[in-house]
Amino acid sequence: VNQANWSPSLSFSSIWGTSDDNMYFTVGNELRRWTGSGYTVIPLDNGTDGESRALGGLAGIHANGVDELFLSGYAVDATHTATWSIFHFDGTTWAVSFTLPQTVTNGANDVWGSDVNNVYIPGDDDKIYHFANGTWTPKTVTCVALDKV
């Protein structure tokens, strides 16, 4: 990353790229895109469901191109209730794709996928959540702690 366009005081929690001029970083509560010559902050408009929410704890990113993104983090609604969620960007708008069950207390720290119909996120509830054909399905796993996929 070009140091002229990136402050050394910034730290990112996740990175995903589809090419050397299309890379995404989660930096605090921001999502940034590297274009090969500089970065831009991508506005997170919280979807089209009419709910006003603040996003935070951005932890995982998966991109299939410039117009297909999955992002993990938490949403805080008007009652100040935080829920761990997966957000989807279709090239035009952000929407909540999936809200993790309340048994997931430490969030979804990663997102991985091979394409838009094959995406995985880990929960801290002994489950991996899989997205295929528009549906999220939990899959139970046996392990000590699941943090990344």
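Residues numbered from 1 in each chain as written. Predicted model: local features only at pLDDT ≥ 70, side-chain atom pairs only at ≥ 80, totals over all residues. Heavy atoms only, no water.

It is worth spelling out the nonpolar core at this point. Counting residues in each nonpolar core, the largest one holds 14 residues, and the members touching the most others are Tyr-24, Leu-31, Leu-44, Ile-61, Leu-69, Leu-71 and Trp-94. For Leu-69, the contacting residues outside a window of four places in its chain are Tyr-24, Leu-31, Ile-61, His-62, Ala-63, Phe-87, His-88, Phe-89 and Trp-94. Judged by nonpolar contacts, the second largest core, of 12 residues, contains Phe-70, Trp-84, Leu-100 and Val-119. (Core = buried A, V, L, I, M, F, W, Y, C linked by side-chain atoms within 4.5 Å. Buried < 20%, exposed > 50% of the residue type's maximum accessible area, 1.4 Å probe, protein only. Contact = heavy atoms within 4.5 Å.)

Per the stated rule, a full pass over the model turns up 7 aromatic pairs. With centroids separated by 5.2 Å and ring planes inclined at 25°, the aromatic side chains of Phe-98 and Trp-136 adopt a geometry described as stacked. Of this pair, Phe-98 sits in strand S8 (residues 94-99) while Trp-136 is found in strand S12 (residues 135-140), placing the two residues 38 residues apart along the sequence. Residue class for Phe-98 comes out buried when judged on its relative accessible area of 16%. A relative accessible area of 10% places Trp-136 in the buried class. Here the aromatic residues Phe-70, Phe-98, Tyr-129, Phe-131 and Trp-136 are joined through ring pairs into a cluster of three or more. (Phe/Tyr/Trp six-rings, centres within 6.5 Å; stacked < 30°, edge-to-face > 60°. Helix = DSSP H or I, 4+ residues; strand = E, 2+ residues; numbered from the N terminus.)

Mean pLDDT over the chain works out to 77, with 75% of the residues at or above the 70 mark. When pLDDT is averaged over each element of the chain, S12 comes out on top at 90 and strand S5 (residues 54-65) at the bottom at 78. (pLDDT = per-residue confidence, 0-100.)

Another aspect to go through is the sheet that holds strand S3 (residues 30-34). The strand order S1-S2-S3-S4 describes an open sheet built from 4 strands, whose pairing is antiparallel. The open sheet has two free edges, formed respectively by strand S1 (14-19) and strand S4 (39-42), since each of these has just one partner strand. Geometrically, the sheet is characterised by an average inter-axis angle of 20° between neighbouring strands, direction not taken into account. Sheet topology places S3 next to S4; 4 bridges connect them, and they run antiparallel. For Arg-32, the partnering residue across the bridge sits in S4 and is Val-41. (Pairing = 2+ DSSP bridges. Axes fitted to C-alpha atoms, helices over the stretch in contact; angles between N-to-C directions.)

A few words on the side chain of Asn-22. Within the element layout of this structure, Asn-22 appears in strand S2 (residues 22-27). At 2.5 Å, the side chain of Asn-22 forms a polar contact with the side chain of Thr-18. Separated by 2.7 Å, the side chains of Asn-22 and Arg-33 make a polar contact. The contact partners of Asn-22, leaving out residues within four places of it in the chain, are Trp-16, Gly-17, Arg-33, Trp-34, Gly-65 and Val-66. (Polar contact = N/O pair within 3.5 Å; in protein donor to acceptor, adjacent residues only side chain to side chain.)

Strand order in the open sheet formed by 4 strands is S9-S10-S11-S12, and the pairing between neighbours is antiparallel. For this open sheet the edge positions go to strand S9 (112-115) and S12, each flanked by a neighbour on one side alone. Direction aside, neighbouring strands of the sheet carry axes that sit 20° apart on average. Here strand S10 (residues 118-122) pairs with strand S11 (residues 127-132) via 4 bridges, running antiparallel. Residue Tyr-120 lies in a different strand from S11, and its bridge partner there is His-130.

Here we take up the environment of Ala-82. Within the secondary structure, Ala-82 sits in strand S7 (residues 82-89). For Ala-82, a relative accessible area of 45% gives the class partly exposed. Excluding residues that lie within four positions of it along the chain, Ala-82 makes contacts with Tyr-74, Ala-75 and Val-76.

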